[in-house]
Amino acid sequence: MALLEGRGLTKLFGRLVAVDHVDLTVEPGEIVGLIGPNGAGKTTLVNLITGLEAPTDGAVTFDGHPLRGRQPPAIARLGLARTFQIAQPFRTMTVRQNVAVPALFRGDPAPGVAAALREADAVLEIVGLGPKRDLPARALTTPDLRRLELAKALALRPRLMLLDEVMAGLTPTEVDAAMEMLRRINARGIALVVIEHVLRAVMGLSHRVVVLHHGRKIAEGAPAQVTAAPEVIRAYLGADQDAGPGSAPP
Ligand SMILES: Nc1ncnc2c1ncn2[C@@H]1O[C@H](COP(=O)(O)OP(=O)(O)OP(=O)(O)O)[C@@H](O)[C@H]1O
Ligand SMILES: [Mg+2]
């Protein structure tokens with residue numbers, strides 16, 4: 001059985017079809033890349049899966065549990081974590097305290113504060129933020145804020161993490177470090193959905209890639225197969241201006 005199974009997911013905002021009958025499955029331990037031009041519907045799809053927005057149509061099961069009607073904290077507690085494209089930490093709290101919050105709310109039974117802080121220390125080591133754990137979150141640089149997002153998600157002890165552009169704004173060297181970190185996280189048995197505009201990273205990491213365009217899934221397969229697909233190339237070059245192969249230049 002797939003770990004995550006989304007079927008026919010659809011989201012309308014007024015007359016805009018942001019997500020259009022998308023199926024998305026993730027197997028245990030798998031890395032799935034989710035790409036597509038700006039406005040393709042990637043973040044909206046993550047919001048539908050994690051309960052932040054209700055789908056207009058379609059359904060999601062995670063680890064055999066139907067997610068319909070569940071609130072985001074309940075979904076997170078099942079082991080489905082996500083990061084946010086725009087990091088919004090508690091700015092005056094320390095890095096360590098920020099990570100202890102999801103650890104505290106994870107579970108049943110809830111760990112005490114001391115245990116949550118210990119847990120925060122453990123995940124901060126994984127993402128390389130150990131030395132900065134006592135800084136206020138507002139003092140962090142962009143790459144460190146991305147690491148903090150990852151640490152908060154890891155503190156939920158997830159089986160699947162949906163990562164919404166955790167590499168945005170990173171230099172090529174920082175992207176390499178982030179790829180290494182995601183491989184380490186995946187090696188712990190955590191499945192990943194990686195949303196990324198840095199194609200080198202998403203193609204290098206993913207076992208399978210799904211491409212969205214105008215809310216629809218236009219391609220799915222191994223990275224090399226997807227990058228060679230004509231509809232994907234058209235989507236990235238601007239399908240709207242493309243009159244098709246063999247057409248006369250303007
Ligand atoms: N709350 C909302 N209300 C109305 N329209 C929305 C809302 N959220 C997203 N949209 C629209 O839905 C479409 C999909 O947006 P979404 O943010 O999911 O795209 P994305 O693939 O994540 O893009 P990006 O790569 O820029 O992050 C866009 O046209 C966007 O303007
Ligand atoms: Mg987005």
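Reading the values: the criteria
Residues numbered from 1 in each chain as written. Chains lettered and ligands numbered in written order. Predicted model: local features only at pLDDT ≥ 70, side-chain atom pairs only at ≥ 80, totals over all residues. Heavy atoms only, no water. Phe/Tyr/Trp six-rings, centres within 6.5 Å; stacked < 30°, edge-to-face > 60°. Lys NZ or Arg CZ within 6 Å of the ring centre and 35° of its normal. Near = heavy atom within 4 Å. Polar contact = N/O pair within 3.5 Å; in protein donor to acceptor, adjacent residues only side chain to side chain. Areas by Shrake-Rupley, 256 points an atom, 1.4 Å probe, with all protein chains shown as cover. Helix = DSSP H or I, 4+ residues; strand = E, 2+ residues; numbered from the N terminus. Nonpolar A, V, L, I, M, F, W, Y, C, P; charged D, E, K, R; others polar. 1 Å grid on protein atoms, 1.4 Å probe; cavity = no way out; pocket = protein on both sides within 12 Å on 5 of 7 lines; lining within 4 Å. Points joined across faces, edges and corners; volume = space filled by probe spheres on them. Donors = N, O, S within 2.8 Å, 3.2 Å for Na, K, Ca; no water. Buried < 20%, exposed > 50% of the residue type's maximum accessible area, 1.4 Å probe, protein only. Expected span 1.5 Å × (residues − 1). Arc of directions from axis to C-beta. Contact = heavy atoms within 4.5 Å. Core = buried A, V, L, I, M, F, W, Y, C linked by side-chain atoms within 4.5 Å. Pairing = 2+ DSSP bridges. Axes fitted to C-alpha atoms, helices over the stretch in contact; angles between N-to-C directions. Salt bridge = Lys/Arg side-chain N within 4 Å of Asp/Glu carboxyl O.

J.: With reference to specific residues and values, describe the packing of aromatic side chains.
T.: Counting across every chain of the model gives 0 aromatic pairs. Residue placement shows R82 over the ring face of F84; its charged tip is 3.9 Å from the ring centre.

J.: Can you break down the site of ligand 1 residue by residue, with the values?
T.: Near ligand 1, the surroundings consist of 14 residues, among which N38, G39, K42, T44 and H197 are the closest. Between ligand 1 and N38, the relevant distance is 2.9 Å, taken from an oxygen atom to a side-chain nitrogen or oxygen of the residue. One nitrogen or oxygen atom from the side chain of K42 is found 2.7 Å from an oxygen atom belonging to ligand 1. Compared with its free state, where it exposes 640 Å², ligand 1 has 62% of that area covered by protein. At the level of secondary structure, the elements contributing two or more residues to the shell around ligand 1 comprise β2 (16–26) and α1 (42–49). Here the shell around ligand 1 takes 3 residues from α1, the largest share from any one element. Considered class by class, the residues forming the shell around ligand 1 number 5 nonpolar, 7 polar and 2 charged.

J.: Would you mind going over the layout of surface pockets in detail, with residue names and values included?
T.: One number sums up the size of the largest pocket: a volume of about 660 Å³. A76, R82, F84, P102 and L156 are, among the 24 residues lining the largest pocket, the residues nearest its centre. Every element with two or more residues in the lining of the largest pocket is listed here: α2 (72–77), β6 (80–82), α3 (95–106) and α5 (142–154). Here the lining of the largest pocket takes 5 residues from α2, the largest share from any one element. Considered class by class, the residues forming the lining of the largest pocket number 16 nonpolar, 4 polar and 4 charged.

J.: Could you give an account of the coordination of the magnesium ion (ligand 2), with specific residues and numbers?
T.: Donor atoms from the polypeptide that coordinate the magnesium ion (ligand 2) comprise T43 (OG1) and Q85 (OE1), at 2.0 to 2.4 Å from the metal. Taken as a pair, T43 in helix α1 and Q85 in the loop between β6 and α3 lie far apart in primary sequence, 42 residues in all. Of the residues examined, T43 reaches a relative accessible area of 25% and is grouped as partly exposed. By relative accessible area, Q85 is classed as partly exposed at 33%.

J.: Hey, could you go over helix α6 (residues 172–187) for me, with residue numbers and the actual values?
T.: Here α6 is 16 residues long and its end C-alpha atoms lie 23 Å apart, about the 22 Å a rise of 1.5 Å per residue gives. Every buried residue of α6 is accounted for by V175, A178, M179, M181, L182, I185 and N186. The buried residues of α6 occupy one face: seen down the axis, they fall within an arc of 165°. Exposed positions of α6 whose direction lies more than 90 degrees from the buried face are T173 and A187. Next to the buried residues of α6 lie β3 (31–35), α4 (113–127), α5, β7 (160–164), β8 (191–195) and α7 (199–205). Downstream of α6 by a residue or two, G189 has a phi angle that is positive, lying close to 95°.

J.: Provide a residue-level description of the nonpolar core, including the pertinent values.
T.: Formed by 49 residues in total, the largest nonpolar core has its most connected members in M161, M167, L182, I185 and L192. With 7 residues, the top contributor of residues to this core is α4. Non-local contacts of L182, meaning those with residues more than four positions away in its chain, are made with L150, L163, V166, M167, L192 and L205. Listed in part, the 26 residues of the second largest apolar core include L4, L9, L162 and V193.

J.: So what's going on with the sheet that holds strand β1 (residues 4–13)? Residues and values would help.
T.: Spatial ordering of the open sheet is given by β2-β1-β4-β5, a layout of 4 strands whose pairing is antiparallel. Each of the sheet's edge strands pairs with one partner strand only, and the pair in question is β2 and β5 (65–66). As defined by bridge partners, strand β4 (residues 57–62) adjoins β5 across 2 bridges and the pair is classed as antiparallel. Looking at β5, one finds that T61 is bridged to P66. Along the sheet face, α1 touches β1, β2 and β4 and points at about 115° away from the line of β1.

J.: Quick one: what's the story with the pattern of salt bridges, residue by residue and with numbers?
T.: Applying the stated criterion across every chain yields a total of 17 salt bridges. Of the charged contacts in the structure, one is a salt bridge between R159 and D63, with a shortest N-O distance of 3.0 Å. On the criterion of sequence distance, the pair formed by R159 in the loop between α5 and β7 and D63 in the loop between β4 and β5 is long-range, its members being 96 residues apart. Overall, the relative accessible area of 34% leaves R159 in the partly exposed class. D63 gets classed as partly exposed once you look at its relative accessible area, which sits at 29%. Where E119 meets R157, a salt bridge forms, and the shortest distance between an N and an O atom there is 3.0 Å. Taken together, the positions of E119 in helix α4 and R157 in the loop between α5 and β7 put the pair 38 residues apart, joining distant regions of the chain. Looking at R157, the relative accessible area reads 53%, which means it is exposed. One network of salt bridges, in which partners are shared, links E30, R208, K217 and E220.

So far we have only geometry, and geometry alone does not tell us how the molecule works.
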